Amino acid sequence: MRVYRLLTDEDTAVFCHRVSAALAGGWELHGSPAYAHDPASGKMRCAQAVVKDVEGDYSPDLKLGEL
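What you see is a predicted model, and the numbers here were worked out from it, not measured in a lab.

Analysis parameters
- Residues numbered from 1 in each chain as written.
- Predicted model: local features only at pLDDT ≥ 70, side-chain atom pairs only at ≥ 80, totals over all residues.
- Heavy atoms only, no water.
- Helix = DSSP H or I, 4+ residues; strand = E, 2+ residues; numbered from the N terminus.
- Contact = heavy atoms within 4.5 Å.
- Core = buried A, V, L, I, M, F, W, Y, C linked by side-chain atoms within 4.5 Å.
- Buried < 20%, exposed > 50% of the residue type's maximum accessible area, 1.4 Å probe, protein only.
- Lys, Arg positive; Asp, Glu negative; His and termini not counted.
- Salt bridge = Lys/Arg side-chain N within 4 Å of Asp/Glu carboxyl O.
- Phe/Tyr/Trp six-rings, centres within 6.5 Å; stacked < 30°, edge-to-face > 60°.
- Lys NZ or Arg CZ within 6 Å of the ring centre and 35° of its normal.
- Expected span 1.5 Å × (residues − 1).
- Arc of directions from axis to C-beta.

(A) Quick look at the environment of Cys 46. As for its position among the elements, Cys 46 is in strand S4 (residues 43–53). The sequence separation of Cys 46 and Glu 10 amounts to 36 residues, and the corresponding C-alpha distance is 6.0 Å. In contact with Cys 46, not counting residues within four places along its chain, are Leu 7, Thr 8, Asp 9, Asp 11, Phe 15, Ala 34 and Tyr 35.

(B) Layout of the nonpolar core. Val 3, Leu 7, Phe 15, Val 19, Ala 22, Trp 27, Cys 46, Val 50 and Val 54 together form the largest nonpolar core, which totals 9 residues. For this core, the elements supplying multiple residues, two or more each, are strand S1 (2–10), helix H1 (13–24) and S4. Per element, the largest residue contribution to this core is 3 residues, and it comes from H1. Contact partners of Trp 27, with chain neighbours within four places excluded, come to Val 3, Tyr 4, Arg 5, Ala 22, Val 50, Val 51, Lys 52, Leu 64 and Leu 67.

(C) Highlighting the side chain of Arg 5. For Arg 5, the location among the structural elements is in strand S1. Within the buried core, Arg 5 has no salt-bridge partner, and the shortest N-O distance to an opposite charge, that of Asp 9, equals 10.0 Å. If we ignore the near neighbours within four places in the chain, the residues touching Arg 5 are Trp 27, Gln 48, Ala 49, Val 50, Leu 64 and Gly 65.

(D) Layout of the packing of aromatic side chains. A full pass over the atoms with the stated rule returns 0 aromatic pairs. For Arg 5, the ring lying beneath its charged end belongs to Trp 27, and the centroid distance is 5.1 Å.

(E) Inspection of H1 at higher detail. Taking 1.5 Å as the rise per residue, H1 with 12 residues should run 16 Å; its terminal C-alpha atoms sit 16 Å apart, in good agreement. Listing the buried residues of H1 in full gives Phe 15, Val 19 and Ala 22. Take H1 and look down its axis: the buried residues cluster within an arc of 60°, on one side only. The exposed set on the far side of H1, more than 90 degrees from its buried face, consists of His 17, Ala 21 and Ala 24. The inward-facing, buried residues of H1 abut S1, strand S2 (28–29) and S4.

(F) Here's a closer look at the environment of Asp 38. Structurally, Asp 38 is set in strand S3 (residues 34–38). Taking the relative accessible area as the measure of exposure, Asp 38 reaches 22% and is therefore partly exposed. Along the sequence, Asp 38 and Ser 20 sit 18 residues apart, while their C-alpha atoms lie 23 Å from each other. The contact partners of Asp 38, leaving out residues within four places of it in the chain, are Lys 43 and Arg 45.

Next up, the structure:
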């Protein structure tokens, strides 16, 4: 089964580390990153989709960050 996550965070090194940690954990980049201004906070935000093939069947109870 292929699972999907969308990583988001402010445009800081923290976001880059989150994506790097996902890649180190076997996730693969899916598509291009997105970059947008958040008018509520006044800061830029980043997003990157990642996918991973895992054993088992889908359940909404999956803890995607723990796969």
